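Below, each chain spelled out in residue letters.
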Amino acid sequence: MRRPVAFVTAIVLFVEAVGIVIVNGVLATVAGNQSMSLAGLDPDAMVTGTWVMGGVSGALLLLCGLIPLLAGIRDRAPGRLGRIALIACAVVHGVLGALAVGLIGWAAFVFLMVVLALIVLTLVAFERREPEAGKAGAGQAPAPV
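Keep in mind the model is a prediction, meaning the values are calculated, not measured. (Residues numbered from 1 in each chain as written. Predicted model: local features only at pLDDT ≥ 70, side-chain atom pairs only at ≥ 80, totals over all residues. Heavy atoms only, no water.)

(A) View of the overall build of the chain. Across its full length, the chain carries four helices and zero strands. Listed by position from the N terminus, the elements making up the chain come as α-α-α-α. Within the chain, the proportion of its 145 residues that are buried is 29%. Long-range contacts, defined here as pairs at least 24 residues apart, represent 67% of the contacts in the chain between residues at least 6 apart. Entry remark: accessible area of the chain is about 9,400 Å², with carbon and sulfur atoms responsible for 72%. (Helix = DSSP H or I, 4+ residues; strand = E, 2+ residues; numbered from the N terminus. Buried < 20%, exposed > 50% of the residue type's maximum accessible area, 1.4 Å probe, protein only. Contact = heavy atoms within 4.5 Å. Areas by Shrake-Rupley, 256 points an atom, 1.4 Å probe, with all protein chains shown as cover.)

(B) Region of the structure containing a nonpolar patch on the surface. On the surface, a nonpolar cluster with roughly 800 Å² of combined accessible area is contributed by Ile-87, Val-91, Val-92, Val-95, Leu-96, Leu-99, Leu-103 and Ile-104. Here Leu-96 is to be found in helix α3 (residues 80-103). Judged by its relative accessible area of 43%, Leu-96 falls in the partly exposed class. (Patch = residues over 30% accessible without salt bridge, like charges linked within 9 Å, V, L, I, M, F, W, Y side chains within 5 Å. Salt bridge = Lys/Arg side-chain N within 4 Å of Asp/Glu carboxyl O.)

(C) The pattern of salt bridges, seen in detail. Applying the stated criterion across every chain yields a total of one salt bridge. Salt-bridge contacts for Arg-2 lead to Asp-75; the nearest nitrogen and oxygen are separated by 3.0 Å. Within this pair, whereas Arg-2 is found in helix α1 (residues 2-34), its partner Asp-75 is found in the loop between α2 (43-74) and α3, the two being separated by 73 residues in sequence. When its relative accessible area of 24% is taken as the criterion, Arg-2 is described as partly exposed. Looking at Asp-75, the relative accessible area reads 22%, which means it is partly exposed.

(D) Looking closely at the packing of aromatic side chains. Taken as a whole, this structure holds one aromatic pair when the rule is applied. With centroids separated by 5.4 Å and ring planes inclined at 90°, the aromatic side chains of Trp-106 and Phe-109 adopt a geometry described as edge-to-face. You can see Trp-106 and its partner Phe-109 sitting in helix α4 (residues 106-125), three residues apart, about one turn around the helix. Residue class for Trp-106 comes out exposed when judged on its relative accessible area of 58%. On the basis of relative accessible area, Phe-109 is assigned to the partly exposed category, the value being 23%. (Phe/Tyr/Trp six-rings, centres within 6.5 Å; stacked < 30°, edge-to-face > 60°.)

(E) Quick look at the state of the cysteines. Scanning all chains against the criterion turns up zero disulfides. A disulfide-free cysteine, Cys-64 has its sulfur positioned 4.0 Å from the sulfur of Cys-89, the nearest such atom. (Disulfide = S-S within 2.5 Å.)

This is the structure:
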């Protein structure tokens, strides 16, 4: 069951990355068309910042989606950096879910919590494998006395 969960997690993160870029593109277009500024900031800076934020968020979600995809293909747990990245992604989804309840609504909260659950399930489904006996780095049991 761990491989399908990893593949579903990867697909959801890829779709979310595309969605984040599209939402930020719409926000940048609206800010540019309305010449919006925040506290006297240049409207062009607002548009550029929104595009950059969308691109960086999308790229990070794509990278986080690659981790469960590779874990599913290889059928083994992600490495240390991969686990750290997935844990950070899970924390961000938890915080955004808490904010989404008040700002956007329950549908966004449910979506973010489903993504959070998929990430956590991917992290827990793959157990750490110990080196097998006879291979390099495997500890040998002492001979009986």
